[in-house]
There are 4 protein chains.
Amino acid sequence: MAQSDTVTRILDTAEVLFAERGFAETSLRNITSKAKVNLAAVNYHFGSKKALIQAVFSRYLDPFTQRFHAALDELENRYNGQVIPLEELLETMARTVLEVPAERNSLKVFMRLLGLAYSQAQGHLRRHIQSEYGEAFTRFTELVRQATPELPDAERFWRLHFMLGTVIFTLSGLDALRDIAAKDYQEQVTVKDLVRRMRPVVVAAMNAPLPEPAGERHVHAAT
Amino acid sequence: MAQSDTVTRILDTAEVLFAERGFAETSLRNITSKAKVNLAAVNYHFGSKKALIQAVFSRYLDPFTQRFHAALDELENRYNGQVIPLEELLETMARTVLEVPAERNSLKVFMRLLGLAYSQAQGHLRRHIQSEYGEAFTRFTELVRQATPELPDAERFWRLHFMLGTVIFTLSGLDALRDIAAKDYQEQVTVKDLVRRMRPVVVAAMNAPLPEPAGERHVHAAT
Amino acid sequence: MAQSDTVTRILDTAEVLFAERGFAETSLRNITSKAKVNLAAVNYHFGSKKALIQAVFSRYLDPFTQRFHAALDELENRYNGQVIPLEELLETMARTVLEVPAERNSLKVFMRLLGLAYSQAQGHLRRHIQSEYGEAFTRFTELVRQATPELPDAERFWRLHFMLGTVIFTLSGLDALRDIAAKDYQEQVTVKDLVRRMRPVVVAAMNAPLPEPAGERHVHAAT
Amino acid sequence: MAQSDTVTRILDTAEVLFAERGFAETSLRNITSKAKVNLAAVNYHFGSKKALIQAVFSRYLDPFTQRFHAALDELENRYNGQVIPLEELLETMARTVLEVPAERNSLKVFMRLLGLAYSQAQGHLRRHIQSEYGEAFTRFTELVRQATPELPDAERFWRLHFMLGTVIFTLSGLDALRDIAAKDYQEQVTVKDLVRRMRPVVVAAMNAPLPEPAGERHVHAAT
DNA sequence: AATGAATGAGTCTTCATTCAT
DNA sequence: TATGAATGAAGACTCATTCAT
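Small disclaimer: the values here were computed from a predicted structure and weren't measured.

### Quick notes on the protein's contact with DNA strand F
Then, in step 1: Taken together, the neighbourhood of DNA strand F is formed by 29 residues, with Asn38(A), Thr6(D), Asn38(D), Tyr44(D) and His45(D) sitting nearest.
Then, in step 2: The share of sugar and phosphate among atoms of DNA strand F within 4 Å of the protein is 66%.
Then, in step 3: Within the side chain of Ser27(B), an N or O atom sits 2.9 Å from a phosphate oxygen of DNA strand F.
Then, in step 4: At a separation of 3.1 Å, a base nitrogen of DNA strand F approaches a polar side-chain atom of Tyr44(D).
Then, in step 5: The set of elements that each furnish at least two residues to the surface near DNA strand F consists of α3 (41–46) of chain A, α2 (28–34) of chain B, α2 (28–34) of chain C together with α3 (41–46) of chain D.
Then, in step 6: When its residues are assigned to classes, the surface near DNA strand F shows 11 nonpolar, 14 polar and four charged.

Here it is, written out as structure tokens:
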């Protein structure tokens, strides 16, 4: 077996299984037996299961940040100092997210990991991600700020995370939702489909009117 | 030890630990030792770990669905056959969601559990939830359908779940997000704050224009 | 529920389950849940699982020994001091064995239990049986001794157990053997059929010539 | 520790303990601790307790069938088309059964398993054995048929199983019977002893006169 | 007299990891 | 460099039994 063939097979298999079942529910035995690789190979090549998870993650994240920066460069070039419209920014983000995983499952894995990073109490994963792709996110946020000058900073922060929730929730729980949708709408949605559907929603959400100031809510005000 | 004190202690502890770590990462040993209860008690009272997970959920969902149905009854009464505006529906949902766990001061836990139900493998859990509160959700969906007659059914389905993602992600990852926000905006958000902020976003998202049909996407069409 | 109804239900159920699965493989939970009786009832009424096993046996052995003694009394009376022929003794045994469980239509169960008593570890059970019906067996053995004066004692002991093996194995594994036989010989045997077939075999076996003394076996002596 | 030393030690120990106590009453802990082997080793090497039981079984059965076929070959060669006498066939069977287990306990284990295979409700074990050594048994049965041409097929079938009962019951319940015999006859029987004693009994049983036809039984016909 | 609750010891099995080769 | 074997810790679950009521 070629040198790094084993490494690749492990990564490929782990990616699929992680996406299907989650991290805790996927054992190294599952991975190595499906990858037809020695059980000890994971520990030999990666050191530990944790390290394998991060490796799977990095294989997506590294090219993503690289491409994302490149795409933003191109965008800034094109607009040459002018404000980049919000739609362009979101579009660029979406395109890059979709482009990277030649392998299809890694997107789900990536989203799942992102979801974990935010929901898990221990912040170590969050910090790892923030130090890895925080810079790209900060750059993106700043461009969004310029595209939505009327939004208070805090509002923008929350709305971006509202949308992050939409994306992560939808894509990481994709299988579950697909099950439900398929039963009711005979429709086999693809990731691209979903992204297409998300676009107007996200734009509208970001451009929504500001909320009434705190304390002035009237429950039946709509009537 | 009092009658069903044990049951309550198990549920309370399991709830917290599940929310903190997820289902697979929480062992019965973790739960029973923290709850100061015999290891076999879980199996005695609930039958299995699976059943315990479902019981944790039911303790939320049972009162929730009950209240939710009551609230929708009241709403239908008030509107007396007329179409109930989307804002009212969302408002009612939000209020009920907030009321129920308020008693236990554990909205965050509930949301995290819901998130897990969607993202973690546990197919049994999703099925359990669907059969338990599916009816309430269906009723709600139908009212939303009447309030948004112009939306295709599939579109509405997905948008509702997009928004579900927003809510679950934001409220379940509240601590993490609060950390980040506090550092940057000196602002200590409350759950009510967030719900206030979400309202216009959710309404705008639901009312967003329809996406371009599949296959016709032009990347730079927005310009 | 009537007083000893519970006891009867436990015994009935235990009997069936023990015969189906063996003692160790049948839990008190199995028994009590199938008998629709409280889990603690076995320990309450019988004291322990061991005692339950013995009780199941006694319910057969008590009437059996009683009848067997009566039948032997009648036989001795009839032969009035003369030697009772072996065929009569075996016949009497067979008849009594068939009569007792006939009331409960559970000869098979009884045989399976007897088989278990010999083959399973349960030393306590063997000892219990020996002290319970050992006397009847001793009496029977002595009559057989008189009917077969030429047989050394040890030889008679073993041959009786050889035949016990035949009977227990055949009747306790009846279903399995019936399956095989039915497939090959289109014949649906009844218990009475089998007993009829066993009679000449058992007689011949008991009357077989003595074995060559130990150490003098010649493998090809038959030629 | 040497290569498959562990496997052998597990098999050896399991064999002894299974024979002493039965399968359900022997825990993997019992085995591994007595074999001075890690608790997980059984599952590592055999996969499950069930598989271990079958492995113990196969270690006896595989060489047995092989030798048995060889012995029958030799016999057929020697008799060169002539009918092989029943005594020779039984003798060959007995010899092969005794030869195989260099380790002494496996015979008892083997017999116990055979007993289980017939008496247990679930036929899976019976089917396993039938597919494993059914061919050898069929071959043997056919030779017995030629040696006892006067016997109706059904009669032969049942008599063979009567004798199987004798052998299995005696050898699998050996410890129990030995206990009883030792108390009464100061005699420490060996397996070889028993087989010597069985020989004339089995021959006589197979050659017993045919039973009276069904329906003509007269209980006191012997007088 | 009878039972629901509880328990401690035990079951088999699976885990990620290590080690000798 | 790579792997089959082995391992200690932990997993969920079941057991017969006890106890307070």
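There's more to say after this.
### Quick notes on the domain arrangement of chain A
All names here are of chain A.
Then, in step 1: As far as domains go, chain A holds domain 1 (1–47) and domain 2 (48–208).
Then, in step 2: Of note, the centres of domain 1 and domain 2, computed from C-alpha atoms alone, are 26 Å apart.
Then, in step 3: Contacts between domain 1 and domain 2 engage 22 residues on the former and 17 residues on the latter.
Then, in step 4: A buried area of about 1,600 Å², summed over both sides, lies between domain 1 and domain 2, and 68% of it is on carbon and sulfur atoms.
Then, in step 5: Connecting domain 1 to domain 2 are six residue pairs in polar contact (both at pLDDT 80 or more).
Then, in step 6: Those elements giving two or more residues to the side of domain 1 that touches domain 2 turn out to be α1 (5–21), α2 (28–34) and α3.
Then, in step 7: In terms of residues, the side of domain 1 that touches domain 2 owes the most to one element, α1, which gives 11 residues.

### Points about the interface of chain D and chain C
Then, in step 1: Facing 66 residues of chain D, the contacting portion of chain C comprises 65 residues.
Then, in step 2: Remark: the boundary between chain D and chain C carries four salt bridges.
Then, in step 3: Notably, a salt bridge pairs Arg199(D) with Glu212(C), separated by 3.6 Å at the nearest N-O pair.
Then, in step 4: At the surface where chain D touches chain C, the tally comes to seven residue pairs in polar contact (both at pLDDT 80 or more).
Then, in step 5: Looking at the side of chain D that touches chain C, the elements that each hand over two or more residues are α1 (5–21), α4 (49–79), α5 (86–99), α6 (106–119), α7 (124–147), α8 (153–172), α9 (174–185) and α10 (191–206) of chain D.
Then, in step 6: Among the elements that make up the side of chain D that touches chain C, the one with the highest residue count is α8(D) (16 residues).

### Some words on the environment of Met93(B)
Residues and elements named next belong to chain B.
Then, in step 1: Inspection of the secondary structure assignment puts methionine 93 in helix α5 (residues 86–102).
Then, in step 2: Along the sequence, methionine 93 and asparagine 30 sit 63 residues apart, while their C-alpha atoms lie 34 Å from each other.
Then, in step 3: Residues contacting methionine 93, with those up to four places away along its chain left out, are Phe64, Phe68 and Phe140.

### Quick notes on the protein's contact with DNA strand E
Then, in step 1: Near DNA strand E there are 29 residues, and of these Asn38(B), Tyr44(B), His45(B), Asn38(C) and Arg29(D) occur at the shortest range.
Then, in step 2: Near-protein atoms of DNA strand E (within 4 Å) split between backbone and bases, with sugar and phosphate holding 64%.
Then, in step 3: In this structure, a phosphate oxygen belonging to DNA strand E sits 2.9 Å away from a side-chain N or O atom of Ser27(D).
Then, in step 4: Measuring from a phosphate oxygen of DNA strand E, one finds a backbone N or O atom of Lys49(D) at 2.8 Å.
Then, in step 5: Elements with a contribution of two residues or more to the surface near DNA strand E: α2 of chain A, α3 (41–46) of chain B, α3 (41–46) of chain C together with α2 (28–34) of chain D.
Then, in step 6: Taken together, the residues that form the surface near DNA strand E break down as 11 nonpolar, 14 polar and four charged.

The rules we used
- Residues numbered from 1 in each chain as written.
- Chains lettered and ligands numbered in written order.
- Predicted model: local features only at pLDDT ≥ 70, side-chain atom pairs only at ≥ 80, totals over all residues.
- Heavy atoms only, no water.
- Near = heavy atom within 4 Å.
- Polar contact = N/O pair within 3.5 Å; in protein donor to acceptor, adjacent residues only side chain to side chain.
- Helix = DSSP H or I, 4+ residues; strand = E, 2+ residues; numbered from the N terminus.
- Nonpolar A, V, L, I, M, F, W, Y, C, P; charged D, E, K, R; others polar.
- Domains from an automatic or database assignment.
- Contact = heavy atoms within 4.5 Å.
- Buried area = accessible area lost by both parts, 1.4 Å probe.
- Salt bridge = Lys/Arg side-chain N within 4 Å of Asp/Glu carboxyl O.

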